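# Structural characterization, general
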Amino acid sequence: MPALPSLPRPPLPAELLPGSLRQRIGERLEAFRVPDFTVPAALARLVARLPQQAPTHVLTLALNLALGRILPRDTLVPLTGRHLQLRVLDAGLTLDFSLGDKGFRRAAPAAEAKPDLVISATARDFIALALREEDPDTLFFSRRLRMEGDTDLGLLVKNTLDAVEWEALKSRLSGRR
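The following refers to the structure shown. (Residues numbered from 1 in each chain as written. Predicted model: local features only at pLDDT ≥ 70, side-chain atom pairs only at ≥ 80, totals over all residues. Heavy atoms only, no water.)

### A short note on the overall build of the protein
Cut-off, in case you're wondering: Secondary structure is summarised from DSSP: a helix means a run of H or I of at least four residues, a strand means a run of E of at least two, and numbering begins at the N terminus for each. Exposure is judged per residue with a 1.4 Å probe applied to protein chains only, and the accessible area is read against the type maximum: over 50% gives exposed, under 20% gives buried, and values in between give partly exposed. What makes two residues a contact is simply this: any of their non-hydrogen atoms within 4.5 Å. Computed with a 1.4 Å probe, the accessible areas rest on the Shrake-Rupley method; for each residue, only the protein chains presented here act as cover.
Of regular secondary structure, the protein possesses 7 helices and 5 strands. Ordered by position in the sequence, the α and β elements of the protein form the string α-α-α-β-β-β-β-α-α-β-α-α. For the protein, the proportion of its 177 residues judged to be buried stands at 34%. Contacts in the protein between residues at least 24 apart in sequence constitute 70% of all its contacts with a sequence separation of at least 6. Total accessible area computed for the protein in this model is approximately 12000 Å², and 62% of it derives from carbon and sulfur atoms.

Encoded structure:
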């Protein structure tokens, strides 16, 4: 049977835009800052009553997409089998997850067992942290980012976030080399 021809590489989303539009969008994104905001209390009370599986699934999916690409798998080995919890304080979200052999997955919260590590912040602070507008140390020492539980795991998570080459990731996503 003859070999199938190789398919061309699909264009990156940024490559689909005309050059001048791509440049203007890039300039605006570089100047973008997350505004100060708080999730309304009524919305947070509602979200806290909803099942947390869907947002936890979204989180673990995003972490699994990053695993091995921007999150080095070998440095995260100490997280394997450990129960982690992310609390978005102003949004009423509590996301329980762990790292297994096949990647991150949702962890069922046990009433009697505490998570090994709990990371808490507001939605705005988590977004600013993800966009690298805020440094984890700055948020931690200003008591806007809290870590409870195993301090070694907390340091591992913080150091892993610090080690990610965010500029290289941004350039890959924007199509710049």
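### Remarks on the sheet that holds strand β2 (residues 93-100)
Which entries qualify depends on this criterion: Should DSSP find at least two bridges between two strands, the strands are regarded as paired. As a rule, the C-alpha atoms of each element are fitted with a line to give its axis, helices using only the stretch in contact, and angles between N-to-C directions run from 0 to 180 degrees.
Taken together, 5 strands build an open sheet; the order of strands is β3-β2-β1-β4-β5 and the sheet is mixed. What marks the edges here is a single partner per strand, and that holds for β3 (103-106) and β5 (146-149). Ignoring which end each strand starts from, the neighbouring axes of this sheet average 25° apart. Bridge count for strand β4 (residues 117-121) against β5 is 4 bridges, and the pairing is antiparallel. Each bridged residue has a counterpart across the sheet, and for I119 the counterpart in β5 is M147. Relative to β2, helix α3 (residues 53-66) is tilted by about 40°, and along the sheet it contacts β1 (83-88), β2 and β3.

### So, the pattern of salt bridges
The condition that has to hold: Note on definitions: salt bridges are taken to be side-chain nitrogens of Lys or Arg within 4 Å of carboxyl oxygens of Asp or Glu.
Counting across every chain of the model gives 10 salt bridges. Notably, a salt bridge pairs R82 with D150, separated by 2.9 Å at the nearest N-O pair. Placement of R82 in the loop between α3 and β1 and of D150 in the loop between β5 and α6 (151-163) is noted, with a sequence separation of 68 residues between them. For D150, a relative accessible area of 24% puts it in the partly exposed group. The closest approach of N and O atoms between E134 and R144, which form a salt bridge, is 3.4 Å. In this pair, E134 sits in the loop between α4 (123-130) and α5 (136-141) while R144 sits in the loop between α5 and β5, placing the two residues 10 residues apart along the sequence. For E134, a relative accessible area of 14% corresponds to the buried category. The exposure class of R144 is partly exposed, given its relative accessible area of 31%. Beyond isolated ion pairs, a larger network of salt bridges with shared partners links R33, D36, R124, D125, E133, E134 and R144.

### Section: the side chain of S98
With respect to the helices and strands, S98 occurs in strand β2. Taking relative accessible area as the criterion, S98 reaches 5% and is therefore assigned buried. Leaving out residues up to four positions away in the same chain, S98 has contacts with R82, G103, F104, R105 and A107.

### A few points about unusual backbone geometry
Located in the positive-phi region is R143, a residue other than glycine, with phi close to 60°. Mapping R143 onto the fold places it in the loop between α5 and β5.

### Considering the environment of A163
Note on placement: A163 falls in helix α6. When the C-alpha positions of A163 and P72 are compared, they lie 9.1 Å apart, and in sequence the two are 91 residues distant.

### What to know about the side chain of T56
Here T56 shows up in helix α3. Judged by its relative accessible area of 2%, T56 is buried.

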